[in-house]
Amino acid sequence: MAKIEEFLTEQEEEEVVEAIRQAEKKTSGEIRVHIEKSSKGDIWKRAMEVFHLLKMDNTKQDNGVLIYVAIDDRNFVIYGDKGINDVVPPDFWESTKDEIVAEFKKGNFKQGLINGITRAGHELQVHFPWDEGTDENQLSDKISR
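Criteria and thresholds
- Sequence positions are assigned chain by chain, starting from 1 and proceeding in written order.
- Local features are withheld for residues below a pLDDT of 70 in this predicted model, meaning they are given only at 70 or higher, and side-chain atom pairs are given and counted only at 80 or more; totals for whole chains, interfaces and linings count all residues.
- To get the side-chain values, all heavy atoms of the structure are used, and hydrogens and water are removed first.
- Side-chain atoms within 4.5 Å link the members of a nonpolar core, which is a set of buried Ala, Val, Leu, Ile, Met, Phe, Trp, Tyr and Cys residues.
- Under the scheme applied here, a residue whose accessible area is under 20% of the maximum for its type counts as buried, over 50% as exposed, and between as partly exposed, the area being computed with a 1.4 Å probe on protein chains only.
- Helix numbering and strand numbering both begin at the N terminus, where a helix is a DSSP run of H or I of at least 4 residues and a strand a DSSP run of E of at least 2.
- Should any heavy atoms of two residues lie within 4.5 Å, those residues are considered in contact.
- In this description, strands pair whenever DSSP reports at least two bridges between them.
- Seen with its strands pointing away from the viewer, a crossover is right-handed when the path leading from the first strand over the helix to the second is clockwise.
- Comment: axis = line fitted to C-alpha atoms, over the contacting stretch for helices; angle = value between 0 and 180 degrees taken between N-to-C directions.
- In what follows, salt bridge is the name for a side-chain nitrogen of Lys or Arg lying within 4 Å of a carboxyl oxygen of Asp or Glu.

Caption draft 1: A look at the nonpolar core. Membership of the largest hydrophobic core comes to 30 residues, with the highest contact counts inside it found for Phe7, Val16, Val33, Leu113 and Ile117. Elements that contribute at least two residues to this core include exactly helix H1 (10-24), strand S1 (30-36), strand S2 (64-70), strand S3 (75-80), helix H4 (92-105) and helix H5 (109-127). Here valine 33 is in contact with Val16, Ile20, Ile67, Leu113, Ile117, Lys142, Ile143 and Ser144, once residues within four sequence places are set aside.

Caption draft 2: Spatial organisation of the pairing of S1. The buried count for S1 comes to seven of seven residues, which makes it a mostly enclosed element. The alternating pattern of S1 places Glu30, Arg32, His34 and Glu36 and Ile31, Val33 and Ile35 on opposite faces, both of which are buried. Taken together, the seven bridges between S1 and S2 define a ladder with parallel strand orientation. When the bridges of S2 are listed, histidine 34 appears paired with tyrosine 68. Note on the crossover from S1 through helix H2 (residues 43-53) to S2: the handedness is right-handed.

Caption draft 3: Representation of the sheet that holds S1. An order of S1-S2-S3 is seen for the three strands of this open sheet, with the pairing classed as mixed. Two strands close off the open sheet at either side, each with one partner strand: S1 and S3. Ignoring which end each strand starts from, the neighbouring axes of this sheet average 10° apart. Bridge analysis of S2 against S3 gives six bridges, and the strand direction is antiparallel. Paired with valine 65 across the strands is glycine 80, a residue of S3.

Caption draft 4: Representation of the pattern of salt bridges in the model. One pass over the structure, following the stated rule, counts nine salt bridges. Between glutamate 18 and arginine 21 there is a salt bridge, and its shortest N-O distance comes to 3.7 Å. On the criterion of helical spacing, the pair formed by glutamate 18 and arginine 21 is a turn pair, its members being three residues apart in helix H1. Assessed through its relative accessible area of 35%, glutamate 18 is described here as partly exposed.

From the geometry alone we can't say anything about function, so treat these as descriptive.
What follows is the structure in structure tokens.
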């Protein structure tokens with residue numbers, strides 16, 4: 001795949017952003033999607049760099065979730081910060097990854113992302129419910145590049 005823009009159409013990108021908004025409606029957690037051409041090396045290391053660049057490590061309850069996609073590498077990482085990682089079931093990230101992969105293999109990149117966002121959002125809602133008095137959307141919902 002040559003261009004990041006070919007990974008998701010503008011309409012599909014809007015649907016992914018809307019999925020993030022919906023997932024975050026009932027939680028203090030934050031979900032971000034970052035897409036780039038290549039990780040240029042170790043994908044986990046690059047995902048951690050992006051996590052910090054996006055200031056996802058600054059959430060009040062350490063409950064940020066990043067879906068990092070390196071298109072040309074045909075690879076991605078789903079990473080949950082310490083707060084969420086400590087409370088999800090042991091196989092949660094792996095089963096979420098499997099659900100995303102199933103759609104990616106069919107070329108359904110939008111649906112794969114939405115499935116991952118929805119699952120992460122559900123767990124965030126269970127463990128970090130929205131508190132009307134104190135919570136606010138701390139990070140942008142837009143897909144970063």
